[in-house]
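Structure at a glance
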Amino acid sequence: MAALSTRRFALDLATPIVLASGPAGFGFELDGSLVAAVGALTTKTVTPEPRAGNPQPRLVDCPSGLLNSIGLENPGFAAFVEEYLPRVLDLPTRRIISLAADRPDEIGRMVGLLEEISEIDGVELNLSCPNVDAVIIGTNPALVGEFVRQSRALTTHPMFVKLPGDSTTMIPAAAAALNAGADGLTLINSVSGLRIDHRIGLPMLHRTTGGLCGPAILPIALARVYEARRAFPDALIIGTGGVTDVEGAIEMLAAGADAVGIGYGVMADPSLPARLTAELETWLTEHRYASPADIIGAAHRGGFDVP
Amino acid sequence: METTTKPQPQTARNGSFLSVSGAHLISRNRGAGYARVTLAGITEAELAQPGQFLMIRRLGSAALPRAFSVLRAEDDRIELFIKLDGLLRELLGSVPYRTRFELRGPYGVPYEEQIDTDQRYILVGGGSGAAPLLFLRERRPDLVAETVLGFRHDGASGLFPALDFVVEARDRLQAHDRLAEVWRPGLGVIACGPEPMLRAIARQHDGVPHVYVSLEARLGCGIGSCLGCSIPTLTGTQRICRDGPLFASSELPWLR
């Protein structure tokens, strides 16, 4: 059998299938055996203060996807550390803590406080939530650099930066993140989208736009991951966006992702990530690959070894 | 069409939840705009309790499943009462028998765990909101003083020949108007239906104890992790799928 562990990855994951920040919450509602079958869980994004999130409706159906407007609902950093973190540390997988703040010193303060917790496996700076009032930091390379610099100075944990899938700003923003000391990139967040109620002519979401996720954004995520891998051959990349089957996961790895984040897919079917892990192992074995590392970035170097 | 000659249900218990990838449609009774649909091949289907729901999608689909309240649960069968107005609902209303569906659940807190069971209630349903109430009435007739079911048009009466409906187009009356006629002090209310109906009931019975409303939203995960269905309540943010779907109307000031 192929081994799924990806040692190239700073987190030394048991499988490249990871839970993306958001739909899996803090992992408590998922069955333990399903959590154990993924390489890591990225928590819901935690902010300095509690956030109630956006009013209903928060989810709107779209062709091949979903427009979401959760609005970073979370208990705030203090309550997270006190009440949630101990349970997160008990999860039978690696844990990446997702953080967001309006200012670089605020996110740095949280990153610094997490430094003492040696059992966490990484932090992810969410610089790309499309559903809050703050500017989307992740499209501005100078701001991205500043957020990462202040956090990098305060932690030795592996640090990932989650960026929007914006085709014009992603590469400069990613370069700024990596130059400022980020270990890796999480690509991409959900994509800004809009739906209008055709009966009344008004946006279906209170905040007008929301974040499009699901199979509709798979090609966008693949394009950004592919471009990032070409531009940064040594960066760690978690490719996230619209993967709902093993073929999608294989595409994401071939485009250059070291790990594949599952968001919408786990919302639709909580058992999907565990199934993807099993199916990926079978696929690698059938194709005589020893590990996922053998196919990461294959699209950049002649594809798979097809007999 | 995923109609196979020999459906082979695969059941897995994920924690306390049931997940079935081979439930198949065995019967359907269509009215105008509504249908009663039975899915079979569900191990331990009888575990579902009134107020609980299932997340359902076509087998093999990558779509986000939809939540359906249970109308009846018996042996390996679950019966639903659905409005035929969305893609999946139209599908359930039109696909050939034996078509297979993927379902998981039952989710949500059973009504009986949310209400005061020393109390008697008037059940008020609007449209397909009748489903969990009829299930409650079947399992706990002792809790029910009256049942008021309202529909905009008379399309569903053939599906429940033994029941009397309030039909707005015919009676010039809505379910909450009938409720106002039959309610008397001492009786509680359990309501499930469109938000305008729940609003009217919450206003009518402002300050009355034991008034409960069953809320609906487009659910994401159904298990309480995605926070797609969070709502504000007097005791903080709650999730319709995990903490509800039934809430005391007094907890929801925004509904009045």
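We now turn to the structure provided with this report. (Residues numbered from 1 in each chain as written. Chains lettered and ligands numbered in written order. Predicted model: local features only at pLDDT ≥ 70, side-chain atom pairs only at ≥ 80, totals over all residues. Heavy atoms only, no water.)

**A closer look at the overall build of chain B**
To keep things clear, this is the line we draw: For the purposes of this entry, the term helix denotes a DSSP run of H or I that reaches at least four residues, the term strand denotes a run of E that reaches at least two, and both are numbered from the N terminus. What the globule rule says is 2.2 Å times the number of residues to the power 0.38, and the radius of gyration is computed from C-alpha atoms. The buried label goes to any residue with under 20% of its type's maximum accessible area, the exposed label to any with over 50%, and the partly exposed label to all in between, with areas taken from a 1.4 Å probe on protein chains only. Throughout, a contact is declared for two residues whenever any of their heavy atoms are within 4.5 Å. The Shrake-Rupley method, run with a 1.4 Å probe sphere, supplies the accessible areas, and residue values consider only the shown protein chains as cover. In this count, Lys and Arg are taken as positive residues and Asp and Glu as negative ones, while His and the chain termini are left out. One atom stands in for each charge, and that atom is NZ of Lys, CZ of Arg, CG of Asp or CD of Glu.
Tallying secondary structure elements over chain B gives six helices and 16 strands in all. Against the compact-globule benchmark of 18 Å for 256 residues, chain B has a radius of gyration of 18 Å, which places it among compact chains. Taken along the three principal axes of its C-alpha coordinates, chain B extends 55 × 40 × 30 Å. Among the 256 residues that make up chain B, the fraction classed as buried is 55%. In chain B, 64% of the contacts between residues at least 6 apart in sequence involve partners at least 24 apart. Put simply, chain B shows about 10,600 Å² of open surface, and 47% of that area lies on carbon and sulfur atoms. Seen as two clouds, the 30 positive and the 28 negative side-chain charges of chain B have centres 6 Å apart.

**A short note on the pairing of strand β12 (residues 209–213) of chain A**
Both faces of the sheet carry side chains from a regular strand, because those side chains alternate between them. Residues and elements named next belong to chain A. Spelled out, the test is: Two strands qualify as a pair provided that DSSP identifies no fewer than 2 bridges between them.
As defined by bridge partners, strand β4 (residues 65–68) adjoins β12 across three bridges and the pair is classed as antiparallel. Residue pairing for β12: Leu 67 is matched across the bridge by Leu 212. Strand direction decides the pairing type here: strand β9 (residues 191–194) and β12, joined by four bridges, are antiparallel. Opposite Val 191, over in β12, you have Leu 212 as the bridge partner.

**Here's the deal with the environment of A:Asp90**
With respect to the secondary-structure elements, A:Asp90 resides in the loop between α2 (77–89) and β5 (94–99). In this structure, the C-alpha to C-alpha distance between A:Asp90 and A:Ala249, residues 159 residues apart in sequence, is 27 Å.

**Focus on the interface of chain B and chain A**
Worth spelling out the cut-off: Here the quantity called buried area is the accessible surface, traced with a 1.4 Å probe, that two parts lose on coming together, added over both. Salt bridge, as used here: a side-chain nitrogen of Lys or Arg that lies within 4 Å of a carboxyl oxygen of Asp or Glu. What qualifies as a polar contact is a pair of N or O atoms within 3.5 Å, subject to a donor-acceptor requirement within protein and to the restriction that residues adjacent in sequence count only when both atoms come from side chains. Three residue categories are used. Nonpolar comprises Ala, Val, Leu, Ile, Met, Phe, Trp, Tyr, Cys and Pro, charged comprises Asp, Glu, Lys and Arg, and polar comprises the others, including Gly.
The interface is formed by 27 residues belonging to chain B together with 23 residues belonging to chain A. The three residues of chain B that bury the most area against chain A are B:Leu64, B:Ser225 and B:Leu227, which together make up 25% of that side's buried surface. Across the pair B:Arg239 and A:Glu29 runs a salt bridge whose closest N-O atoms are separated by 2.9 Å. At the boundary of chain B with chain A, the tally comes to 15 residue pairs in polar contact (both at pLDDT 80 or more). Broken down by secondary-structure element, the contributors of at least two residues to the side of chain B that touches chain A are β8 (100–107), β14 (230–233) and β15 (236–239) of chain B. Broken down by class, the residue content of the side of chain B that touches chain A amounts to 12 nonpolar, eight polar and seven charged.

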